[in-house]
Amino acid sequence: MPEPSADAVAAVYADLREEGRELDALVGELSPAEWARPTPAPGWSIGHQIAHLHWTDRAALLSLTDAAAFGLMVEEAVKAPDSFVDEGAEEGAKLPPGELLARWRSTRTALDEALAAASPDTRFPWYGPPMKAASMASARLMETWAHGQDVADALGVRRTPTARLRHVARIGVRARDYAHAVRGLPAPAEEFRVELEAPDGSGVWSYGPADAAQRITGPALDFCLLVTQRAHRADLALTATGSDADRWLDIAQAFAGPAGAGREPGASR
């Protein structure tokens, strides 16, 4: 796969900034009671969602700027692999909302600056395989969008999907084999064709060979909700052609870590 151009890398960073601003606009004027409102993630309030994003943004910042400090974070995660994510969110959610919001904003700004200063060819450490800065930015955008969806659902807000979803969709497609591996399943031998309708109706985002027998089609928003496990397949307008593609829609995930439980049919939005 060809390396992205400097303009493409800059566009990823700009999209990450805008995704953060959009979520910031949702939570920036909330009352303390609203920060405590439950989200679809069991046990997580809106405060937990923002605390988690702050925690992972800080981890990305350390990866880019202080490998030793990041290594200490990884050591702590290894000590509690099943609970460190929840513990990080719980710790941050205990802060006063104004302080948590200020910390998240400050870390986002510092991360944006670190991404811009990072060598585009260097691979930086992460909890999984090392990543280049552009890939790290795409992953941060995916997580910001997904946790932002939890916040929007908690507030009863319908967000307008944007072309920034192309980053989420791309990660979801590339994570096909990982979704199988994390469940102990063999990856399909053949490539799939994925054709997704752009949110603004401007065309179709296509991935994989045009003549592939195994195919996924549908709205890009629905695919992104599926691979981030923010909606159940039964509630989405996605079509699978072929048994392997059909099975993938049942297990797809764009995020690293154990297979998530996802949402029950009819539970989303």
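Within any chain, residue numbers begin from 1 and follow the written order of that chain's sequence. Predicted model: local features are reported for residues with pLDDT of at least 70 only, side-chain atom pairs are reported and counted for 80 or more only, and whole-chain, interface and lining totals are derived from all residues. Just so you know, side-chain values use all the structure's heavy atoms and leave hydrogens and water out.

### What about the sheet that holds strand S5 (residues 215-219)?
Taken in spatial order, the four strands make up an open sheet running S4-S3-S5-S6, and their pairing is mixed. Looking at the sheet topology across the chains shown, the edges are occupied by strand S4 (204-207) and strand S6 (239-241). Across this sheet, the average inter-strand angle for adjacent strands is 10°, counted without regard to direction. Sheet analysis places S5 next to S6, joined by three bridges and oriented antiparallel. Across the sheet, the residue bridging to Thr 217 is Thr 239, located in S6. In this description, contact between two residues means that some pair of their heavy atoms is separated by no more than 4.5 Å. Angles shown run from 0 to 180 degrees and are taken between the N-to-C directions of axes, each axis being a line fitted to C-alpha atoms and, for helices, limited to the stretch in contact. Going along the chain from the N terminus, every DSSP run of H or I of four or more residues is numbered as a helix, and every run of E of two or more is numbered as a strand. Lying over the sheet, helix H10 (residues 220-227) contacts strand S3 (193-197), S4 and S5, oriented at roughly 110° with respect to S5. Strands were regarded as paired on the criterion that DSSP finds at least two bridges between them.

### Topic: the environment of Arg 233
Position of Arg 233 relative to the elements: it lies in the loop between H10 and S6. When sequence neighbours within four positions are dropped, the list of residues in contact with Arg 233 reads Leu 226, Ala 240, Asp 246, Leu 249 and Asp 250. Between N or O atoms, a polar contact is any pair within 3.5 Å; within protein, one atom must be a potential hydrogen donor and the other a potential acceptor, and residues adjacent in sequence are included only when both atoms are from side chains. Among the polar contacts made by the side chain of Arg 233, one reaches the side chain of Asp 246 at a distance of 2.5 Å.

### With respect to helix H6 (residues 97-117)
For H6, built from 21 residues, the straight-helix expectation of 30 Å at 1.5 Å per residue is met to within 8% by its first-to-last C-alpha distance of 30 Å. Those residues of H6 not exposed but buried are Leu 100, Leu 101, Trp 104, Thr 107, Arg 108, Leu 111, Ala 114 and Leu 115. In a view along the axis of H6, the buried residues occupy a sector of 155°, so they form one face of it. Residues of H6 that are exposed and point more than 90 degrees away from the buried face comprise Gly 98, Glu 113, Ala 116 and Ala 117. Against helix H1 (6-27), helix H2 (32-35), helix H3 (46-65), helix H5 (84-93) and helix H7 (133-155) lie the buried residues of H6. By definition here, a helix of n residues has an expected span of 1.5 Å times n minus one. Accessibility here uses a 1.4 Å probe with only protein chains present; expressed as a share of the type maximum, an area under 20% marks a residue as buried, one over 50% as exposed, and anything in between as partly exposed. What the arc measures is the spread of directions leading from the helix axis to the C-beta atoms.

### Overview of the side chain of His 52
Looking at where His 52 falls in the secondary structure, it is placed in helix H3. The exposure class of His 52 is buried, given its relative accessible area of 5%. In contact with His 52, other than residues within four places in its own chain, are Trp 44, Val 85, Ala 89, Glu 143 and His 147.

### Examining the pattern of salt bridges
The salt bridge definition used is simple: a Lys or Arg side-chain nitrogen within 4 Å of an Asp or Glu carboxyl oxygen. Scanning the model with the defined rule gives 20 salt bridges in all. Across the pair Arg 164 and Glu 19 runs a salt bridge, and its minimum N-O distance is 2.6 Å. Taken as a pair, Arg 164 in the loop between H7 and helix H8 (165-174) and Glu 19 in helix H1 lie far apart in primary sequence, 145 residues in all. Across this residue pair, the class does not change: Arg 164 and Glu 19 are buried. Of the charged contacts in the structure, one is a salt bridge between Arg 233 and Asp 246, with a shortest N-O distance of 2.5 Å. Residue Arg 233 is found in the loop between H10 and S6, and its partner Asp 246 is found in helix H11 (residues 243-251); the two are separated by 13 residues along the sequence. In this structure Asp 246 comes out as partly exposed when scored by relative accessible area, which is 32%. A cluster of three or more residues bridged by salt bridges with shared partners is formed by Glu 19, Glu 22, Arg 159 and Arg 164.

### A closer look at the pairing of S5
Walk down a regular strand and you will see the side chains alternate between the two sheet faces. Inspection of the sheet shows S3 paired to S5 by five bridges, in the parallel sense. Within S5, the residue paired with Arg 193 across the bridge is Arg 215.

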